[in-house]
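# Structure assessment
The chain contents come next:
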Amino acid sequence: MKKYLLCFASLVVSSSVLAQNSFTGLDLGVGFALQAVNTGSGTQQHNDGSVPEQFGSTQKTSANANFNVGYNFPVSQSFILGLQAALQPITSGGIQVQKNPGTPTDFQNKSRYDFSVLPGFLIDPDNMIYGKVGYSYTKENVNNADGSWATTLNYSGYVLGLGVKSFAVGNLVGLKNLYGFAEYNYAGYGAKSYSVVNSNGRSTYSSNISLNSSTGLLGIGYIF
């Protein structure tokens, strides 16, 4: 009987210690995202026998909002495992790519959605470093500058990142569950091609066009 009581007491103490982990629980965050979107080079061809059009790779950097929600589970006194869904809802500015020969083509990156696992390590009760690995989805609107055709490419891929969270922000303003965070992540989406027909019946089809993005995040969050 004494043995069972000791085991039970040990479990209670262990659960209590894990519950004291300051970063566990429902986690809501909002941040400022600086994102660089890279669109790969490619070619466009037509069904009328005209010369194929070449265009080079481009990069567009834009500022976006970032919203995330997740839940952090205690694994041990020093380790946390988080699940997170994140949204960057603001469309980045378009990139106009000059083809040779031909009229320019516009590329515009749309909203981005990430679903990730975040393993975290506590440096101390107020500071944590974490990694991010997950699935990412975004869209790229493509249209000819003369308005003769438009299409949308749906990209899905992976996201990898590293970040830090700190309750120093909350300590400064007297809100113990408020934290600040900084993160860098990279999303790779592979390559997609498009095929469209304009109002005159002229077909346009492309080679595979790659897409990736690098994002820096600064923001605040709250643990419930």
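Refer to the structure above for everything that follows.
Residues numbered from 1 in each chain as written. Predicted model: local features only at pLDDT ≥ 70, side-chain atom pairs only at ≥ 80, totals over all residues. Heavy atoms only, no water.

Our next topic: the sheet that holds strand S3 (residues 53-55). Ordered in space as S3-S2-S12-S11, the 4 strands form an open sheet in which the pairing is antiparallel. With partners counted over all chains shown, the strands left at the sheet margins are S3 and strand S11 (195-197), one partner each. The sheet shows a mean angle of 20 degrees between the axes of neighbouring strands, taken without regard to direction. Pairing analysis gives 3 bridges linking strand S2 (residues 42-46) to strand S12 (residues 203-206), with the strands arranged antiparallel. Bridge pairing in S12 links Gln 44 to Ser 206. (Pairing = 2+ DSSP bridges. Helix = DSSP H or I, 4+ residues; strand = E, 2+ residues; numbered from the N terminus. Axes fitted to C-alpha atoms, helices over the stretch in contact; angles between N-to-C directions.)

Along the chain, the position of Arg 112 falls in strand S7 (residues 105-124). Polar contacts involving the side chain of Arg 112 include one to the side chain of Gln 35, which spans 3.1 Å. One polar contact links Arg 112 to Asn 185, side chain to side chain, over a distance of 2.9 Å. (Polar contact = N/O pair within 3.5 Å; in protein donor to acceptor, adjacent residues only side chain to side chain.)

Its place among the elements puts Asn 66 in strand S4 (residues 58-74). Within the local environment of Asn 66, its side chain forms a polar contact with the side chain of Gln 88, the two groups lying 3.4 Å apart. Look past the residues within four positions of Asn 66 in its chain and what remains in contact with it is Gly 29, Val 30, Gly 31, Ala 33, Ala 86, Leu 87, Gln 88 and Leu 217. (Contact = heavy atoms within 4.5 Å.)

Judged from the 15 bridges that link them, S7 and strand S8 (residues 127-144) form a sheet pairing that is antiparallel. The residue bridging Asn 109 from the neighbouring strand is Glu 140, located in S8. With antiparallel pairing between neighbouring strands as the criterion, S7 and S8 make up a hairpin whose turn holds 2 residues. Judged from the 17 bridges that link them, S8 and strand S9 (residues 150-166) form a sheet pairing that is antiparallel. Note on S9: the bridge partner recorded for Val 133 is Leu 160.

In terms of nonpolar packing, the biggest core is built from 14 residues, with Phe 55, Phe 107, Val 142, Tyr 155, Tyr 194 and Ile 209 touching the most fellow members. Of all elements in the fold, only S9, strand S10 (178-192) and strand S13 (209-223) reach the threshold of two or more residues within this core. Counting 12 residues, the second-largest nonpolar core is a separate cluster that includes Phe 23, Ala 33, Ile 80 and Tyr 130. (Core = buried A, V, L, I, M, F, W, Y, C linked by side-chain atoms within 4.5 Å. Buried < 20%, exposed > 50% of the residue type's maximum accessible area, 1.4 Å probe, protein only.)

So, about the environment of Ser 76. Locating Ser 76 in the fold gives a position in the loop between S4 and strand S5 (79-88). Separated by 3.2 Å, the side chain of Ser 76 and the backbone nitrogen of Phe 79 make a polar contact.

Let us now look at the packing of aromatic side chains. Any pair of aromatic rings gets described here by the distance separating the centres and the angle formed by the planes. Under the criterion given, the structure shown has 11 aromatic pairs. Summarising the aromatic geometry, the rings of Tyr 113 and Tyr 137 are spaced 6.3 Å apart at their centres and angled 35 degrees between planes, so their arrangement reads as tilted. Here Tyr 113 is found in strand S7, whereas its partner Tyr 137 is found in strand S8, with 24 residues between them in sequence. Owing to a relative accessible area of 35%, Tyr 113 belongs among the partly exposed residues under this scheme. Judged by centre distance (6.2 Å) and plane angle (90 degrees), the ring pair of Phe 167 and Tyr 179 falls under edge-to-face. You can see Phe 167 sitting in the loop between S9 and helix H2 (168-173) and its partner Tyr 179 sitting in strand S10, a full 12 residues away along the chain. Under the relative-accessibility criterion, Phe 167 is labelled buried at 2%. By relative accessible area, Tyr 179 is classed as buried at 1%. What links up through ring pairs into an aromatic cluster is the set Phe 23, Phe 167, Tyr 179 and Phe 181. Sitting over the face of the ring of Tyr 130, Lys 165 holds its NZ or CZ atom 5.4 Å from the ring centroid. (Phe/Tyr/Trp six-rings, centres within 6.5 Å; stacked < 30°, edge-to-face > 60°. Lys NZ or Arg CZ within 6 Å of the ring centre and 35° of its normal.)

These figures capture arrangement, not role.
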